[in-house]
Amino acid sequence: MRGRFALLTALALALSVPAVVSAQAVGDSAVKQDRKDVRHDRKDIRHDTRDIRQDRRDIRQDRRDVREDVKQGDLKDARQDRRELRGDRRDVRQDRRDRRHDVRDAHADRRDLRQDRKDVHQDQEHQQQKKDSTR
């Protein structure tokens, strides 16, 4: 395992020098693509939030329906609705948990994007300083 890791590390170092130059050339387009992905993530989170709210409204309506079934004496239907209601509540909890994770991931992605842009800018300054010092 260590031999593989050392081999991969050596290979990565050997390939990193040309990759840095090409990464700087392509850096702007990669940053733009990442920004677009982050924007889409935010939109997806908004849609998930709307879906969760709608599901919660549906659960409230289902609870009203169960109470109405009990009042009318339709206990068999009320039991079935309660069983479905438990599953729906479980699904909403899972959706909220997933949304919370998505929000956290989106924050991390935005933070990483800012750091990447900062790194690209610093790399460009460093390259410019190298050019100026060799003249």
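Rules of the game
- Residues numbered from 1 in each chain as written.
- Predicted model: local features only at pLDDT ≥ 70, side-chain atom pairs only at ≥ 80, totals over all residues.
- Heavy atoms only, no water.
- Helix = DSSP H or I, 4+ residues; strand = E, 2+ residues; numbered from the N terminus.
- Contact = heavy atoms within 4.5 Å.
- Areas by Shrake-Rupley, 256 points an atom, 1.4 Å probe, with all protein chains shown as cover.
- Buried < 20%, exposed > 50% of the residue type's maximum accessible area, 1.4 Å probe, protein only.
- Lys, Arg positive; Asp, Glu negative; His and termini not counted.
- Salt bridge = Lys/Arg side-chain N within 4 Å of Asp/Glu carboxyl O.
- Patch = residues over 30% accessible without salt bridge, like charges linked within 9 Å, V, L, I, M, F, W, Y side chains within 5 Å.
- Charge placed at Lys NZ, Arg CZ, Asp CG, Glu CD.
- pLDDT = per-residue confidence, 0-100.
- Expected span 1.5 Å × (residues − 1).

A.B. asks: I'd like to hear about the overall build of the protein, residue by residue, with values.
C.D. replies: The helix and strand inventory of the protein stands at two helices and zero strands. Across the protein, contacts joining residues at least 24 apart in sequence account for 76% of those joining residues at least 6 apart. Carbon and sulfur atoms form 48% of the exposed surface of the protein, whose accessible area is close to 11,400 Å².

A.B. asks: Explain the side chain of Asp 81 to me, using residue names and the numbers behind them.
C.D. replies: Tracing the chain through its elements places Asp 81 in helix H2 (residues 75-134). Of the side chains with opposite charge, Arg 82 comes closest to the buried, unpaired Asp 81, at an N-O distance of 8.8 Å. Beyond its immediate sequence surroundings of up to four residues, Asp 81 is in contact with Val 66 and Asp 69.

A.B. asks: With reference to specific residues and values, describe a negative patch on the surface.
C.D. replies: Taken together, the side chains of Asp 34, Asp 37, Asp 44, Asp 51, Asp 91, Asp 95, Asp 98, Asp 102, Asp 105, Asp 109, Asp 112 and Asp 116 make up a negatively charged region of the molecular surface. Going through the elements one at a time, helix H1 (2-72) and H2 are the ones with two or more residues in the negative patch. Here the element with the most residues in the negative patch is H2; it accounts for eight residues. Take Asp 116: its relative accessible area is 36%, and that puts it in the partly exposed class.

A.B. asks: Please provide a residue-by-residue account of the confidence of the model for the protein, values included.
C.D. replies: Here the protein averages 83 in pLDDT, and 76% of its residues register 70 or above. For the stretch residues 17-23, pLDDT sits under 50, and the model shows zero contacts to residues farther than four places along the chain or on other chains.

A.B. asks: An account of H2 is requested, with residue identities and associated values reported.
C.D. replies: The terminal C-alpha atoms of H2, which comprises 60 residues, lie 87 Å apart, in line with the 88 Å expected from a rise of 1.5 Å per residue. Every buried residue belonging to H2 is among Ala 78, Asp 81, Leu 85, Gly 87, Val 92, Ala 106 and Leu 113, and all of these are buried.

A.B. asks: Provide a residue-level description of the environment of Asp 51, including the pertinent values.
C.D. replies: Here Asp 51 lies in helix H1. With 44 residues separating them along the chain, Asp 51 and Asp 95 place their C-alpha atoms 9.0 Å apart.

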